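Understanding the architecture of this molecule
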2 protein chains.
Amino acid sequence: MSTAIHERAQRVAELLAARQSKMATAESCTGGLVAGALTAVPGISAWHCGGVVVYRNETKQALLGISPELLSDPGPVSEVVARAMAERVLAIIPEADVSIAVTGHLGPNAPAELDGVVWLAVGMRKGDRSADVQVRKLRLPPLGRLERQQLAIEGALAFLAESLEG
Amino acid sequence: MSTAIHERAQRVAELLAARQSKMATAESCTGGLVAGALTAVPGISAWHCGGVVVYRNETKQALLGISPELLSDPGPVSEVVARAMAERVLAIIPEADVSIAVTGHLGPNAPAELDGVVWLAVGMRKGDRSADVQVRKLRLPPLGRLERQQLAIEGALAFLAESLEG
């Protein structure tokens, strides 16, 4: 894990502890690596619940109830699907107050308009049944898939930290 | 990611492709890093569904329905909980045929009898409602938490590959 990722994971852990908030993850293109980065922080099990890895569309539907219609149009790499992932993971993990969702197309063979696009969503539980969700769109530079994946992890942890600070 | 982990992830991907099997993960102490290691293999989205990260006990219960009784006795680091994780993740991800579950105590501050113990379970779907499950117990050497985590990831991928070859 890169130093940048580890530092950002530590910052997220500090902010969660300060707020006494527990978090959950919903990851597609980062495949579990945002959740995994957090486990490098000692004591994080007080604040990090876990989450879901929804790498395939069928699994986005099975675990999070994302509808086939949305996954078909606008498709999985979209603001609406990122929002739904952030909301739904809070619904299925009742002890979590905060969520981070990541869905993107890291390439290769992406359509030009989606190449390197990553949608991030941070959910903050309002009540039992609803969440405030903020979104951010990243456009990653033309790098290899794994380099882009590292940038997506960094971006997700940075967005989460900013949201927790705000 | 270490070369050993990457090579084992590639071997798992080859075996899944040869069997036309899709897989799912259920991770506690590895925190999403087994799922994440698989995403380094190009084209893996054909065979890797995703899965769950159940870092906290409450989340093991919420996402996988592991009972509070089992989580209390014998506790989350046990053969019975590893088995249940491997079975339940197949139940909630219908398109997956194969699962790998990982639960362990990487330290520090583990009770002596659990220090460095990792239970692995591989599930193979038999029918719609049941799975054959094989288990393996690892006893990791006295290393730091992150070094032990890397060994747990390697061990999980190795056990999965052996099960797919068998």
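This text goes with the structure placed above it.
This text gives an overview of the structure that appears in the document. (Residues numbered from 1 in each chain as written. Chains lettered and ligands numbered in written order. Predicted model: local features only at pLDDT ≥ 70, side-chain atom pairs only at ≥ 80, totals over all residues.)

1. A look at the packing of helix 1 (residues 3-19) of chain A against helix 6 (residues 145-165) of chain A
When two helices pack together, their arrangement is given by the angle between the helix axes and by the axis-to-axis distance. Residue and element names in this part refer to chain A. Where helix 1 meets helix 6, the closest approach of the two axes is 9 Å, and the angle between their N-to-C directions is 25°. When the axis of helix 1 is compared with that of helix 6, the two are roughly parallel. In the packing of helix 1 onto helix 6, the handedness of the crossing is left-handed. Across from Ala 4, Ile 5, Arg 8, Ala 9, Arg 11, Val 12, Leu 15, Leu 16 and Arg 19 in helix 1, the residues of helix 6 making contact are Gln 150, Ile 153, Glu 154, Leu 157, Ala 158, Leu 160, Ala 161, Leu 164 and Glu 165. (Axes fitted to C-alpha atoms, helices over the stretch in contact; angles between N-to-C directions. Helix = DSSP H or I, 4+ residues; strand = E, 2+ residues; numbered from the N terminus. Parallel < 35°, antiparallel > 145°, perpendicular 65-115°, else oblique. Left-handed = near helix turned anticlockwise from the far one by under 90°. Contact = placed C-beta atoms within 7 Å.)

2. Focus on the interface of chain A and chain B
Listed by partner, the interface residues are 27 residues for chain A and 28 residues for chain B. Breaking the side of chain A that touches chain B down by element, the ones donating at least two residues are helix 2 (33-38), strand 2 (48-54) and helix 3 (57-64) of chain A. Take the side of chain A that touches chain B: its biggest share by element is seven residues, from strand 2 of chain A. The class makeup of the residues in the side of chain A that touches chain B is 14 nonpolar, ten polar and three charged. (Nonpolar A, V, L, I, M, F, W, Y, C, P; charged D, E, K, R; others polar.)

3. A word on the relation of the copies chain A and chain B
In screw terms, the move from chain A to chain B is a rotation of 180° and a rise of 0.0 Å along the axis, fitting with an RMSD of 0.0 Å. Viewed as a symmetry operation, the transformation between the two copies matches a two-fold axis. Looking at chain A, 100% of its interface residues are interface residues in chain B too, so the copies touch through the same face. (Least-squares fit on C-alpha atoms with pLDDT ≥ 70 in both.)

4. Some thoughts on helix 3 (residues 57-64) of chain B
The element helix 3 of chain B is extensively covered by neighbouring structure, given that six of its eight residues are classed as buried. The complete set of buried residues in helix 3 of chain B reads Asn 57, Thr 59, Lys 60, Ala 62, Leu 63 and Leu 64 of chain B. Buried residues along helix 3 of chain B sit in contact with strand 2 and helix 5 (79-92) of chain A together with strand 1 (23-27), strand 2 (48-54), helix 4 (68-72) and helix 5 (79-92) of chain B. Positive phi appears at Gly 65 of chain B, one or two residues downstream of helix 3 of chain B, with a value of about 70°. (Buried ≥ 20, exposed ≤ 12 C-beta atoms within 10 Å, placed from the backbone.)

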